[in-house]
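# What the coordinates show
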Amino acid sequence: MKVLLLGSGGREHALAWKLAQSPSLTALIAIPGNPGIAEHARCIETIPLTDHDAIVSVCAAEKIDLVVVGPEAPLVDGITDRLTAEGINVFGPRRVAAQLEGSKLFTKELCRQHDIPTAAFGRFSQAEAARDFVRRRGAPIVLKADGLMAGKGVVVAMTLEEALAAVDEVFAMGTPGTEILIEEFLEGEEVSFFCLVDGETVLPFGSAQDHKRAFDGDQGPNTGGMGAYSPAPVFTAEMERRTLAEIVKPTARALADGDSPYRGVLFAGLMITIDGPKLIEYNVRFGDPECQVLMLRLEGDLLELLYATATGALADERVSMAPDAAITVVMAARGYPGSYEKGTPINGVEVAGATPGVHVFHAGTRREGTQLLANGGRVLNVTAIGANVAEARERAYDAVARIDWPEGFCRSDIAWRALAE
Ligand code: AMP
Ligand code: GLY
């Protein structure tokens, strides 16, 4: 099978690494790829992911059997609809189903219609009505702009003053004229849960927890994720059973019944509350950096699973995750998520990656000759597997210590919660 992988981050490097192990893979091409992905794929760096015509042309010229879409933006833009119309198999949902991530209002209304547990909410088009609602409900309370906000657009207000002050701000974040959501504040532990969905069949693909804050002790500004580990200890077999029955399966059924079946990986961001799992949000792709830890634990053939997902054949498949624990430590450029320097040299990545159980995925790098350079905020994902979290963590941090990059930083407490349990 010839596969085209779309994306350029650590998530896509992990996917490329695992796809490359498939016995049925004959060629892997990536658009645009990165220096890590280039170890497994031919990268076409000149085509932007917004150029759907050019992507279709590559598929035709290369006789691609499956397109694997890494990030959400092309899905929300309808890349799957376009490629499917050309007869190409795609791992990733069509535009309508991708609204699960693209529109919070779409997801909340779907939850309301199908009794899926989520935070109670109101939707508002006027600031004054929104402030009235906030005054009636009190704090803590959560305000959200609609649309693809790339992790921004959410204010968790712990006081009434903060919440009232945030109303105008949240209206300004969204597309002009769109409503905002105001939600009940959920208390509990957050979990990322992944399922492959082929329209009908839902196969659990493992859980993870990530660390969104920049600094140790979960302090500092929000980021795209500074590290992750899998499995999530709080996500017991019983929690998984409930989440499938109460949240993920009803969602898949609702979309299938509504003539927009979901095909791809469905990433449920959950809050594990005292009343059980509640949906915070859906994403229509693998998490980044959660994907990196899932790929280390996955046994068997990723390509077979992704192809079965794309072609509606998951009923005959099985997902097998190693019982081991995996962890990933994100190395970011100093200053991230604020402003940071690009182009600083990184050495020792090969040595670090040669440690047993360790893989270093490239998230934001480029090469100049043979020298590896930082080329983004989140730059490397130092990922390790071990018999338990403690072993995986020791391996990951040993590998981090071998990387020579003075302009980089990482958190030193990834997986603290799992170790405390
Ligand atoms: P989102 O962009 O929807 O993932 O929200 C970003 C973060 O805000 C989540 O990961 C949670 O930590 C937090 N959050 C979102 N909604 C709620 C809620 N209803 N209650 C508590 N925390 C929330
Ligand atoms: N790590 C969270 C996300 O990918 O959205």
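Look up a bit, the structure's there.
Residues numbered from 1 in each chain as written. Chains lettered and ligands numbered in written order. Predicted model: local features only at pLDDT ≥ 70, side-chain atom pairs only at ≥ 80, totals over all residues. Heavy atoms only, no water.

## Overview of the state of the cysteines
By definition, a disulfide links the sulfur atoms of two cysteine residues through a covalent bond. In total, this model carries zero disulfides according to the counting rule given. C111 provides the cysteine sulfur closest to C195, a residue in no disulfide bond, and the two sulfurs are 14 Å apart. (Disulfide = S-S within 2.5 Å.)

## Quick look at the pattern of salt bridges
The full count for this structure, using the stated rule, is 26 salt bridges. A salt bridge links E62 to R42, with the shortest nitrogen-to-oxygen separation between them at 2.8 Å. With a gap of 20 residues between them, E62 in helix α2 (residues 52-62) and R42 in strand β3 (residues 42-43) connect regions that are remote in the sequence. When its relative accessible area of 43% is taken as the criterion, R42 is described as partly exposed. When the shortest N-O distance is used, the salt bridge between D413 and R411 registers 2.9 Å. Grouping residues by exposure puts D413 and R411 together as buried. (Salt bridge = Lys/Arg side-chain N within 4 Å of Asp/Glu carboxyl O. Helix = DSSP H or I, 4+ residues; strand = E, 2+ residues; numbered from the N terminus. Buried < 20%, exposed > 50% of the residue type's maximum accessible area, 1.4 Å probe, protein only.)

## Concerning the environment of K249
Mapping K249 onto the fold places it in helix α9 (residues 237-257). K249 sits in the partly exposed class, given a relative accessible area of 38%. On a C-alpha basis, the gap between K249 and S22 in space is 29 Å, while along the polypeptide they are 227 residues apart. Setting aside residues up to four positions removed in sequence, K249 forms contacts with V202 and L244. (Contact = heavy atoms within 4.5 Å.)

## Quick look at the site of ligand 2
Close to ligand 2 lie D210, G224, F267, R285, G287, D288, P289 and E290, which account for all nearby residues. Contacts to ligand 2 include R285, whose side-chain N or O atom sits 2.9 Å from an oxygen atom. Split by residue class, the shell around ligand 2 holds two nonpolar, two polar and four charged. (Near = heavy atom within 4 Å. Polar contact = N/O pair within 3.5 Å; in protein donor to acceptor, adjacent residues only side chain to side chain. Nonpolar A, V, L, I, M, F, W, Y, C, P; charged D, E, K, R; others polar.)

## A closer look at the site of ligand 1
Near ligand 1 you find 15 residues, and of these E183, E184, L186, E190 and E281 are the closest. In the environment of ligand 1, a nitrogen atom lies 3.0 Å from a nitrogen or oxygen atom belonging to the side chain of K144. Between ligand 1 and the protein, one listed contact pairs an oxygen atom with a side-chain N or O atom of K212 at 3.3 Å. For ligand 1, whose unbound accessible area comes to 470 Å², protein coverage reaches 87%. Every element with two or more residues in the shell around ligand 1 is listed here: β7 (141-145), β8 (154-157), β9 (180-184) and β16 (276-283). Per-class residue counts for the shell around ligand 1 are eight nonpolar, no polar and seven charged. (Areas by Shrake-Rupley, 256 points an atom, 1.4 Å probe, with all protein chains shown as cover.)

## Brief notes about the sheet that holds strand β2 (residues 27-32)
Adjacent strands of a sheet form backbone hydrogen bonds with each other and so pair up, either parallel or antiparallel. Strands sit in the order β3-β2-β1-β4-β5 across an open sheet of five strands; the sheet is parallel. Bordering the open sheet on either side are β3 and β5 (90-91), each of which pairs with just one other strand. Relative to strand β4 (residues 66-69), strand β1 (residues 2-7) runs parallel, the two being bridged by four bridges. Looking across to β4, one finds that L6 is bridged to V69. (Pairing = 2+ DSSP bridges.)

## Things to note about the packing of helix α7 (residues 127-137) against helix α8 (residues 160-173)
Taken N-terminus to C-terminus, the directions of α7 and α8 make an angle of 155°; their axes are 10 Å apart at the nearest point. Classified by the interaxial angle, the pair formed by α7 and α8 is roughly antiparallel. You can see that α7 and α8 cross each other, and the crossing is right-handed. Residues A127, A130, R131, V134 and R135 of α7 form the contact with α8, whose participating residues are L160, A163, L164, V167, D168 and F171. (Axes fitted to C-alpha atoms, helices over the stretch in contact; angles between N-to-C directions. Parallel < 35°, antiparallel > 145°, perpendicular 65-115°, else oblique. Left-handed = near helix turned anticlockwise from the far one by under 90°.)

## A few points about the pairing of strand β23 (residues 371-374)
Where strand β20 (residues 345-346) lies against β23, two bridges are found, and the strand directions are antiparallel. Paired with I346 across the two strands is L372, which belongs to β23. Between strand β22 (residues 365-368) and β23, which follow one another and run antiparallel, lie two residues, and G369 among them has a positive phi close to 65°.

## Considering the packing of aromatic side chains
For the structure on display, the rule yields nine aromatic pairs. Ring geometry for F91 and F286: centres 6.2 Å apart, planes at 20°, overall stacked. Remark: F286 occurs in the loop between β16 and α10 (290-297) and F91 occurs in strand β5; sequence separation between them is 195 residues. Neither F91 nor F286 differs from the other in exposure class; each is buried. Relative to F267, the ring of F194 lies with its centre 4.6 Å away and its plane at 45°, an arrangement referred to as tilted. On the criterion of sequence distance, the pair formed by F194 in strand β10 (residues 189-198) and F267 in strand β15 (residues 263-273) is long-range, its members being 73 residues apart. Classification of F194 by relative accessible area gives buried; the value is 0%. The class of F267 is buried, set by a relative accessible area of 6%. (Phe/Tyr/Trp six-rings, centres within 6.5 Å; stacked < 30°, edge-to-face > 60°.)

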